[in-house]
Structures are given as C-alpha cells and as structure tokens.
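Examination of the molecular architecture
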Amino acid sequence: MPRPRIPERRRRILDAARDLALDFGWRSTTVARIAESAGVGKGAVYLEFEDKQVILDAALRRSMQAATAEVHRRVNAADDLVDLPAVYRFGVEALLADPLLRSLHLGDTEVLGDHVRAVDDARYRERFDWLGRYVRRLQSAGVIDQGVDGDVLSQVLSTFTIGLLNAPASIGPITDDALRESVALFADLMGRGLAPAAVERSGTETDPAAARSAQLELLDALTAQLDDLEQT
C-alpha cells in the first residue's frame, strides 16, 4: 500500500531539513535530527520519505518550484527582449535568493553533484530535450543565429550547468559574487557569440514576443515536471 502523506507533517519535515542543512550542512543532518526538529517521531519521517536522499530531493524540488515561479514572474514583467543573458541572470538571482539553493551551490561541497548523480529517472533527459526546443524557438525568433546547431548548443548549456553543480567538489566553495559574475560572463559571451550577424542589437529584427513565449513554455514544462515529481 502507498505510504500515507500528511501535508502539514510533510511541510514541517521539509522545513526542519532545510533549517538543519543551513545551520549544520547537509552531510551533518540526520533523519533523527530532522525528526526531532520537526517535532515528530523518526518513524513518521519514514512514512513520508524513504530516506535522507529523498528528503533532499523533495526540499530541493520545493525550492526549485519557488525559483521557477520567480523567473516566470520576471519574464512576464520584462519590457525588453528576454534573451539568453537575461534568462541566465533571472535564474541565478532566483537561485541566490533561496537560502537552500544558495547554500548547496556555494558552500555544501559535492552535495548537489552527488544528488544529481543519484537521480535515476528521466528528469534531466527531459530538461535537455526541452532546452533543445527552446533553442530552436529562439532561432526562429531571430535571437540566436540559425546557423548554430541547436543540439550542440543545448549540450554546451547543459554542460555548463552540470559543471556548476560539481565545481565546489573540485575548486571549493565560491561566493555569491563569484557565482553571479561567472554566470553573467558566460551568458554574455554566449549571447554575443550566438547573435545573428545581420541583426542590429536594437532588436528591431527580432521577435521579442516569440522569444518570451519560448521561455514561458520552457518554464511551464519545468513547473509541470516538478509538480508531477511531487505527486509521485
């Protein structure tokens, strides 16, 4: 039989896991400490989550849902063209605004890399496919040079993201400013290198509405996937 889920208990467990991870680091956080902090028995934690890894997955998913919603809001509110540099800027600012995502990206070395390697479902493959469609739609909107191979570009963008997740294990923790500046520089270089040669940077020959629609479609797909993972 499926394990019972009590929304309020589940929320308290995830809140406790987040707070302990921020205070002591995820590696030092145990299921017993999570249960104590949440005010529930250890057995109640296992009624909601199979193990500590699943708790982390759920906590990250909750943070990603909030970050995705914030990027979605900023894309809708933007007056100018939402191109690759803008999307990367929105994304990293949403990440840094979430305490758990910020902590795990900047200081809790190896945790995110280990987590990504442990995921055995198709979520990352799906995201790669969505990214490819997004790139092709930006090409159609005149934002990216149509001569660029969309699949290769998707591979480059995915590799950069995966590299960010694994970087702390190799080079140690990084600061807010270093992460923000690294992402901004990468996005700026990509934006300049991929801009169609014939397009003036005024944007008069691009289709901002089509680019915005492509971004919202990508965000909607990610939101739906996160919601589905939450249900399962």
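Points about the overall build of the protein
- Secondary structure assignment for the protein yields eleven helices and zero strands.
- Across the protein, helices and strands are ordered from the amino to the carboxyl terminus as α-α-α-α-α-α-α-α-α-α-α.
- Here the C-alpha radius of gyration of the protein, 19 Å, is about what a compact globule of 232 residues would show, namely 17 Å.
- Looking at the protein residue by residue over its 232 residues, the buried ones come to 44%.
- Contacts in the protein between residues far apart in sequence, at least 24 positions, make up 75% of those at least 6 positions apart.
- The protein carries 28 positive and 37 negative side-chain charges, and their two centres are separated by 5 Å.

Quick word on the nonpolar core
- With 65 residues, the main nonpolar core has Trp26 and Ile55 as its most contacted residues.
- No other element matches helix 5 (residues 84–97), which puts nine residues into this core.
- Among all residues touching Ile55, those that are not within four sequence positions of it are Leu14, Ala17, Trp26, Val31, Ile34, Val45 and Phe49.

Observations concerning helix 9 (residues 150–171)
- Here helix 9 is 22 residues long and its end C-alpha atoms lie 30 Å apart, about the 32 Å a rise of 1.5 Å per residue gives.
- Most pronounced at Leu165, the bend in helix 9 amounts to some 45°, and the proline Pro168 follows within four residues.
- Along helix 9, the residues classified as buried are Gly150, Leu153, Ser154, Leu157, Ser158, Phe160, Leu165 and Pro168.
- Where helix 9 is buried, its residues meet helix 5, helix 6 (99–106), helix 7 (111–118), helix 8 (123–140) and helix 10 (176–194).

Looking at the pattern of salt bridges
- Going through the model one piece at a time under the given rule, you end up with 22 salt bridges.
- Notably, a salt bridge pairs Glu70 with Arg73, separated by 2.8 Å at the nearest N-O pair. You can see Glu70 and its partner Arg73 sitting in helix 4 (residues 52–77), three residues apart, about one turn around the helix.
- With relative accessibility at 30%, the residue Glu70 sits in the partly exposed group.

Some points on the packing of helix 4 against helix 7
- Running from N to C, helix 4 and helix 7 cross one another at 105°; their axes reach a closest spacing of 11 Å. The pairing of helix 4 with helix 7 is recorded here as roughly perpendicular in orientation. Side by side, helix 4 and helix 7 meet where Gln53, Leu56, Asp57 and Leu60 of the first sit next to Val111, Leu112, His115 and Ala118 of the second.
- Per-class residue counts for the contact of helix 4 with helix 7 are five nonpolar, two polar and one charged.

Structural notes on the side chain of His105
- Within the secondary structure layout, His105 lies in helix 6.
- At 2.9 Å, the side chain of His105 forms a polar contact with the backbone oxygen of Leu101.
- Here His105 is in contact with Leu95, Leu112, Leu165, Pro168 and Ile174, once residues within four sequence places are set aside.

A short note on the packing of helix 1 (residues 7–24) against helix 4
- Interaxial distance between helix 1 and helix 4 falls to 10 Å at its minimum, and their mutual angle equals 90°. Classified by the angle their axes make, helix 1 and helix 4 are roughly perpendicular. Contacts between helix 1 and helix 4 involve Arg10, Arg11, Leu14, Asp15, Ala17 and Arg18 from the first element and Ile55, Ala58, Ala59, Arg61 and Arg62 from the second.
- Residue composition of the contact of helix 1 with helix 4, grouped by class: five nonpolar, no polar and six charged.

A short note on the side chain of His115
- Of note, His115 is situated in helix 7.
- When residues no more than four places from it in sequence are discounted, the contact partners of His115 are Gln53, Leu56, Asp57, Leu60 and Tyr124.

Structural notes on the packing of aromatic side chains
- Tallied over the full model, the rule gives three aromatic pairs.
- With 3.7 Å between their ring centres and 5° between their planes, Phe160 and Phe186 make a pair best called stacked. Of this pair, Phe160 sits in helix 9 while Phe186 sits in helix 10; the two residues are 26 residues apart in sequence, bridging distant segments of the chain. For the pair formed by Phe160 and Phe186, the shared burial category is buried.
- Members of the aromatic cluster, joined through ring pairs, are Tyr88, Phe160 and Phe186.
- Over the ring of Phe24 we find Arg33, and its NZ or CZ is 4.3 Å from the ring centre.

What counts as what
Residues numbered from 1 in each chain as written. Predicted model: local features only at pLDDT ≥ 70, side-chain atom pairs only at ≥ 80, totals over all residues. Heavy atoms only, no water. Helix = DSSP H or I, 4+ residues; strand = E, 2+ residues; numbered from the N terminus. Rg over C-alpha atoms; globule rule 2.2 N^0.38 Å. Buried < 20%, exposed > 50% of the residue type's maximum accessible area, 1.4 Å probe, protein only. Contact = heavy atoms within 4.5 Å. Lys, Arg positive; Asp, Glu negative; His and termini not counted. Charge placed at Lys NZ, Arg CZ, Asp CG, Glu CD. Core = buried A, V, L, I, M, F, W, Y, C linked by side-chain atoms within 4.5 Å. Expected span 1.5 Å × (residues − 1). Bend = angle between axes of the 7 residues up to and from the residue. Salt bridge = Lys/Arg side-chain N within 4 Å of Asp/Glu carboxyl O. Axes fitted to C-alpha atoms, helices over the stretch in contact; angles between N-to-C directions. Parallel < 35°, antiparallel > 145°, perpendicular 65-115°, else oblique. Nonpolar A, V, L, I, M, F, W, Y, C, P; charged D, E, K, R; others polar. Polar contact = N/O pair within 3.5 Å; in protein donor to acceptor, adjacent residues only side chain to side chain. Phe/Tyr/Trp six-rings, centres within 6.5 Å; stacked < 30°, edge-to-face > 60°. Lys NZ or Arg CZ within 6 Å of the ring centre and 35° of its normal.

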